[in-house]
Amino acid sequence: QRRLVESGGGLVQSGGSLKLSCRVSGIILSVFTASGMNWYRQAPGKQRELVASLTNGGSTNYADSVKGRFTASKDNTRRSHYLQMNDLKPEDTAVYYCSTTYTGQEYWGPGTQVTVSA
């Protein structure tokens, strides 16, 4: 069974850093290697927004609000994706989700809470 599980969230002061992980299980290496990942976040009372994408070709795209502060990457051997978040701001507070599509089916992790205090 394919699963995505995020980790690495927590409470951090403004200006601090966190590195989120998205561990993928139930998938063969060749499919994982050939796939990308999207990172979303949802703050209380707001719609879920796409903050970062890592394509299957290795290119990245970021929302303007996080550009220059967030970096998406992957480690094929660990079947894991990462979102390095630097210079965090209180407005980055949200639940962060990883999501991708494998063989036509969309998968989501349960999310990890990131809270940035002023």
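Please read all numbers here as calculations on a predicted model, not as lab measurements. (Residues numbered from 1 in each chain as written. Predicted model: local features only at pLDDT ≥ 70, side-chain atom pairs only at ≥ 80, totals over all residues. Heavy atoms only, no water.)

Colleague: Any chance you could break down the sheet that holds strand β1 (residues 3-7) for me, citing the residues and the numbers?
Modeller: As summarised here, the arrangement of the four strands in space is β1-β3-β8-β7, forming an open sheet in which the pairing is antiparallel. At either margin of the open sheet sits one strand with a lone partner, and together these are β1 and β7 (70-75). Ignoring which end each strand starts from, the neighbouring axes of this sheet average 15° apart. Sheet topology note: the β7/strand β8 (residues 80-85) ladder contains six bridges and is antiparallel. (Pairing = 2+ DSSP bridges. Helix = DSSP H or I, 4+ residues; strand = E, 2+ residues; numbered from the N terminus. Axes fitted to C-alpha atoms, helices over the stretch in contact; angles between N-to-C directions.)

Colleague: Describe the state of the cysteines, listing the residues and the values that go with them.
Modeller: In protein chemistry, a disulfide is the covalent bond that joins the sulfur atoms of two cysteines. Applying the stated criterion across every chain yields a total of one disulfide. Across a sulfur-sulfur distance of 2.0 Å, C22 and C98 are joined as a disulfide pair. Negative torsions about the S-S bond denote left-handed disulfides, and the value of about 70° found for C22 with C98 makes this one right-handed. One end of the pair, C22, is in strand β3 (residues 18-25); the other, C98, is in strand β9 (residues 94-102), with 76 residues separating them in the sequence. The same class applies to C22 and to C98, which are both buried. (Disulfide = S-S within 2.5 Å. Buried < 20%, exposed > 50% of the residue type's maximum accessible area, 1.4 Å probe, protein only.)

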